[in-house]
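A look at the structure
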Amino acid sequence: MTEHAAVLPLPGDTVLIDLWLEHSSASDRDPIGLKGEPSYRYFWSTWLHYLKTGGNGAQQEPIAWHEVTNVDVVRFLQSGPTSRKVGANVSDITRRRYWRLLERIYDYAKHQGWIASNPAKALEEVDQPPKEDHKGAIMTPAVWAHLQRVLEKPQSDDPVDVRNHALLLCLTELALTPMEARQLSVSSILFDQVAGRQRMAALQLDGPGPNQRRRMVLPDNAVRAIEAWLAVRDLVACGPDVPTLFCTNQGAKNGAMGEMTSVMLFYVVGESLKRAAELAKQPPPPRLGPQIVRNTRLVMWLNDCVPASQVAIWAGLKNVKGLYHLREHLNPEVRITVKNVRDDA
């Protein structure tokens, strides 16, 4: 620690995360929303547990947060993080996210004068978790075709299956983000006057970004599926005032009454993708969550010669640069247009 740092009050390990979160939340460049805060706290608590146990027993004494070395960080990344799913291994993506969080918090501590150097930045390249593969995964044409067969009707008359059917059609037809699908409300449904009566016509999406606010027209199959779900929705909703469209029977949790969790959504989508792959006699897709459904639909729009600028609008993206990670899946003539637009931006 430098002489300058020695005269500054050194915060405790649990206070440090509070200070960093407050600092980051106030930053225009990298604000942290309330929904992201629990994950950061969970990661930090995992790191603190590692330190307080002397590096999982590697040392007899606890390690103070401000006395950490790059060796401590490397050993933590190798053995410290654990998966929230029982029996699952920690992915390289998760390890890298831990590393990046430590790097940011210790950067903040260094800037405040509490430490002389950032131990997370001192890692040799070979010790750094591999970078995330930003190439968007998509389904094969055969699995996608069989997914359409799976979604021709609900798996059963059970209200939950009726809900899942409508939800999955919204994902496949509209390329919604996972968050958008989970946070749709009944009031998101827009109606048009047709032959003197109201008819379901579109979904209004109201994300935080200016381009995330958009009106997505519903195809007929999605309209029929949502209508069927609304007819039985009261049998699933945990109360009469639940706003969430694709609600669950779960009560209020973190202020989101009846909202489907990300884990639940992943499971619903994954089961359908596995069924489609089995019907296609192919291995399951490389990813089984809602993101691969969105990626596949975006690629299909682009390869069907919908202009990249229009696809970006439908996807709620800031500009077409948000489609670049799908470029390897595009037809050559389409790939060139996406590349040119990106490079000229």
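Here is what the cut-offs are and how they apply
Counting restarts for each chain, with residues numbered from 1 along the sequence as it is written. Since the coordinates come from a predicted model, pLDDT governs what is reported: local features require at least 70, and pairs of side-chain atoms require 80 or more to be given and counted, while whole-chain, interface and lining totals use all residues. Processing note: side-chain calculations cover all non-hydrogen atoms of the structure and skip hydrogens and water entirely. Secondary structure counts use DSSP, requiring at least four H or I residues in a row for a helix and at least two E residues in a row for a strand, with both numbered from the N terminus. Any pair of residues with heavy atoms lying within 4.5 Å of one another is described as a contacting pair. Stacked, tilted and edge-to-face are the three classes assigned to paired rings of Phe, Tyr and Trp, where Trp is represented by its six-membered ring and a pair needs centres within 6.5 Å; plane angles under 30 degrees give stacked, over 60 edge-to-face, the rest tilted. The buried label applies to any residue whose accessible area, calculated with a 1.4 Å probe on protein chains only, is under 20% of its type's maximum; exposed applies above 50%, and partly exposed to all values in between.

**Considering unusual backbone geometry**
Phi is positive for Lys 281, close to 55°, though the residue is something other than glycine. Phi is positive for Cys 305, close to 70°, though the residue is something other than glycine. Among the secondary structure elements, Cys 305 is positioned in the loop between helix H11 (290–303) and helix H12 (308–315).

**Concerning the side chain of Thr 248**
By the element assignment, Thr 248 lies in the loop between helix H9 (220–232) and helix H10 (262–280). Once you skip the residues sitting within four places of it in the chain, Thr 248 turns out to touch Arg 163, Val 236, Ala 237, Cys 238, Gly 258, Glu 259, Met 260 and Met 264.

**Describing the packing of aromatic side chains**
The final tally for this structure, using the stated rule, is 12 aromatic pairs. Aromatic side chains Trp 20 and Tyr 40 sit 5.5 Å apart centroid to centroid with 75° between the ring planes, which places their arrangement in the edge-to-face category. With Trp 20 in helix H2 (residues 13–25) and Tyr 40 in helix H3 (residues 37–52), this pair connects stretches of sequence that are 20 residues apart. Tyr 40 gets classed as partly exposed once you look at its relative accessible area, which sits at 22%. Following the ring pairs from residue to residue traces out a cluster consisting of Tyr 42, Phe 43, Trp 44, Trp 47, Tyr 50, Trp 65, Phe 76, Tyr 98 and Tyr 106.

From the geometry alone we can't say anything about function, so treat these as descriptive.
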